[in-house]
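Tertiary structure, described
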Amino acid sequence: MRLILLGPPGAGKGTQAKFIVDRHAIPQLSTGDMLRAAIAAETKIGLRAKKLMDAGKLVSDDVVIGIVSERIDQEDCSKGFILDGFPRTLQQADALGDMFEEKGLKLDCVVELQVDDDALVERIAGRFTCSNCGEGYHDKFKAPKNPESCDRCGSSEFTRRADDNEETMRTRLRAYYKETAPLVGYYYAKGQLKGVDGMGSISKISADVEDVLRKL
Ligand code: ADP
Ligand code: ADP
Ligand code: ZN
């Protein structure tokens, strides 16, 4: 199964992707995570991406298209994958279509998580992640059972993203509505779009996403 998770920053794409990974045994391909790894490794791409990401602006299409194309050629993607945070522009969507055609792959579905702006700001403001295993948390909506340690791996180190602040958040939301939201119409026109109400609880949304996937 090959799917795209579409939605604004903070919608819950990463959170829902993790459930799909567990249920369907396909990897999550998050371009944001890949770019953050490139920054941590101080690669050329990472050094170029850092300034843009810190400012809440999109990284250039060429760079992310290249990263995704290489990634989906890897063995663990042979049975499918979840694209999280890609495509984010019409140019990326067209490039992905070409890529799938060249590689002989089929896109099964685009799941759009629909969330109000106020909720996005609240979700992003409280977001943090386990530094060791990457499990995502939220101060209010998904706090670890023991505030000192990760539920999944027990690590006591957590990180917050440099771009998860109110000022950058506004730039990212603008970028979403200007550059990424047109993809809703793009995939609707192709008959591939499935909208899911992203305003409920994490478990309710997860059940709704699974309903959509079961019917494919
Ligand atoms: P969120 O989960 O909040 O939507 P991401 O982790 O997906 O954020 O992305 C963080 C940042 O990484 C973006 O603001 C952007 O600068 C960059 N980025 C990630 N994916 C892409 C992409 N497909 N195209 C361009 N820039 C991207
Ligand atoms: P995205 O990948 O779309 O940027 P995340 O999955 O990282 O979004 O979620 C953003 C934040 O909101 C995280 O802290 C996460 O724990 C929290 N979150 C995710 N889904 C929900 C939900 N349905 N209700 C409340 N908080 C949520
Ligand atoms: Zn952990």
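Structure shown above.
Rules of the game
- Starting afresh in each chain, residues are numbered from 1 along the sequence in its written order.
- The order in which chains are written sets their letters, starting at A; the order in which ligands are written sets their numbers, starting at 1.
- In keeping with the predicted nature of the model, local features appear solely for residues at pLDDT of at least 70, side-chain atom pairs appear and are counted solely at 80 or more, and the whole-chain, interface and lining totals rest on all residues.
- The basis for every side-chain value is the complete set of non-hydrogen atoms in the structure, without hydrogens or water.
- A fitted line through C-alpha atoms serves as each axis, taken over the contacting stretch for helices, and the angle formed by two N-to-C directions is quoted from 0 to 180°.
- Numbered from the N terminus, helices here are DSSP runs of H or I no shorter than four residues, and strands are runs of E no shorter than two.
- Reported orientations rely on four angle classes, namely roughly parallel under 35 degrees, roughly antiparallel over 145, roughly perpendicular from 65 to 115, and oblique for the rest.
- For any helix crossing, the convention is left-handed if the near helix is rotated counterclockwise from the far helix by under a right angle, and right-handed if that rotation is clockwise.
- The contact criterion used throughout is that any non-hydrogen atoms of two residues lie within 4.5 Å.
- In this analysis a donor is any N, O or S atom within 2.8 Å of a metal ion (3.2 Å for sodium, potassium and calcium), and since water is not included, sites may seem incomplete.
- Every angle between 85 and 135 degrees makes a four-donor site tetrahedral, while opposite donors more than 155 degrees apart, with all other angles between 65 and 115, make a four-donor site square planar and a six-donor site octahedral; other sites are irregular.
- With a 1.4 Å probe rolled over the protein chains alone, any residue whose accessible area is under 20% of its type maximum counts as buried; one over 50% counts as exposed, and the rest are partly exposed.
- The salt bridge criterion pairs a side-chain nitrogen of Lys or Arg with a carboxyl oxygen of Asp or Glu, the two atoms within 4 Å.
- Any two rings among Phe, Tyr and Trp, with Trp reduced to its six-membered ring, count as a pair given centres within 6.5 Å; such a pair is stacked if its planes are under 30 degrees apart, edge-to-face if over 60, and tilted if neither.
- Definition used in this section: a nonpolar core is a set of buried Ala, Val, Leu, Ile, Met, Phe, Trp, Tyr and Cys residues joined via side-chain atoms within 4.5 Å.
- Any residue with at least one heavy atom within 4 Å of a molecule or strand is counted as near it.
- Any N or O atom pair separated by 3.5 Å or less is treated as a polar contact, with the protein-specific requirement of one donor-capable and one acceptor-capable atom, and with residues adjacent in sequence counted only for side-chain atom pairs.
- All accessible-area figures derive from a Shrake-Rupley calculation using a 1.4 Å probe, and residue coverage is judged against the displayed protein chains alone.

Looking now at the packing of helix α4 (residues 61–72) against helix α5 (residues 90–103). Two numbers describe how α4 lies on α5: the axes approach to 10 Å, and their chain directions differ by 30°. For the element pair α4 / α5, the angle class is roughly parallel. Note that α4 runs across α5; the crossing there is right-handed. Of α5, the residues touching α4 (which contributes D61, D62, V64, I65, V68, S69 and I72) are Q91, Q92, A95, M99, F100 and K103.

All right, on to the coordination of the zinc ion (ligand 3) then. Coordination sphere of the zinc ion (ligand 3), protein contribution only: C130 (SG), C133 (SG), C150 (SG) and C153 (SG), at 2.3 to 2.4 Å. Taken together, the four donor atoms coordinating the zinc ion (ligand 3) span angles of 101 to 115° at the metal, a pattern that classifies the geometry as tetrahedral. A residue is classified by how much of its surface remains accessible, and C150, at 3% relative accessible area, is buried.

The next thing to look at is the pattern of salt bridges. Evaluated as defined, the whole model comprises 18 salt bridges. Between R71 and D76 there is a salt bridge, and its shortest N-O distance comes to 2.8 Å. By relative accessible area, which is 41% here, D76 ends up partly exposed. One salt bridge connects D139 with R160, and the closest N-O pair in it is separated by 2.8 Å. Here the residue D139 occupies a position in the loop between β6 (136–138) and β7 (158–159), and R160 occupies one in the loop between β7 and α7 (166–180), the gap between them amounting to 21 residues. Given the relative accessible area of 42%, D139 is considered partly exposed. The network of salt bridges with shared partners includes R127, R161, D163, D164 and R172.

Moving on: the packing of aromatic side chains. By the definition in use, this model includes six aromatic pairs. Centre to centre, the rings of F81 and F100 are 5.9 Å apart; their planes meet at 85°, and the pair counts as edge-to-face. Placement of F81 in strand β3 (residues 81–84) and of F100 in helix α5 is noted, with a sequence separation of 19 residues between them. Here the aromatic residues F128, Y137 and F158 are joined through ring pairs into a cluster of three or more.

Right, let's talk about the side chain of T180 for a bit. Along the chain, T180 turns up in helix α7. A residue is classified by how much of its surface remains accessible, and T180, at 4% relative accessible area, is buried. Beyond its immediate chain neighbours, meaning those up to four positions away, T180 contacts L6, P87, R88 and A175.

With 29 residues, the main nonpolar core has L35, L83, L96 and Y187 as its most contacted residues. Only β1 (2–6), α2 (31–40), α3 (44–54), α4, β3, α5 and α8 (182–189) provide two or more residues apiece to this core. Examining the composition of this core, we find that six residues originate from one element, α4, more than from any other. Among all residues touching Y187, those that are not within four sequence positions of it are I4, P87, A93, L96, L107, V110, Q192 and L193. Of all hydrophobic cores here, the second largest spans 21 residues; its members include L3, A17, I26 and L173.

What follows is about the site of ligand 2. The immediate surroundings of ligand 2 are formed by 17 residues, with G10, K13, T15, R127 and Y137 found nearest. Within the backbone of G10, one N or O atom sits 2.8 Å away from an oxygen atom of ligand 2. A distance of 3.5 Å separates a nitrogen atom of ligand 2 from a polar atom in the side chain of R123. Expressed as a share of its isolated accessible area of 560 Å², the protein-covered part of ligand 2 is 91%. Broken down by secondary-structure element, the contributors of at least two residues to the shell around ligand 2 are α1 (13–24), β6 and α9 (202–214).

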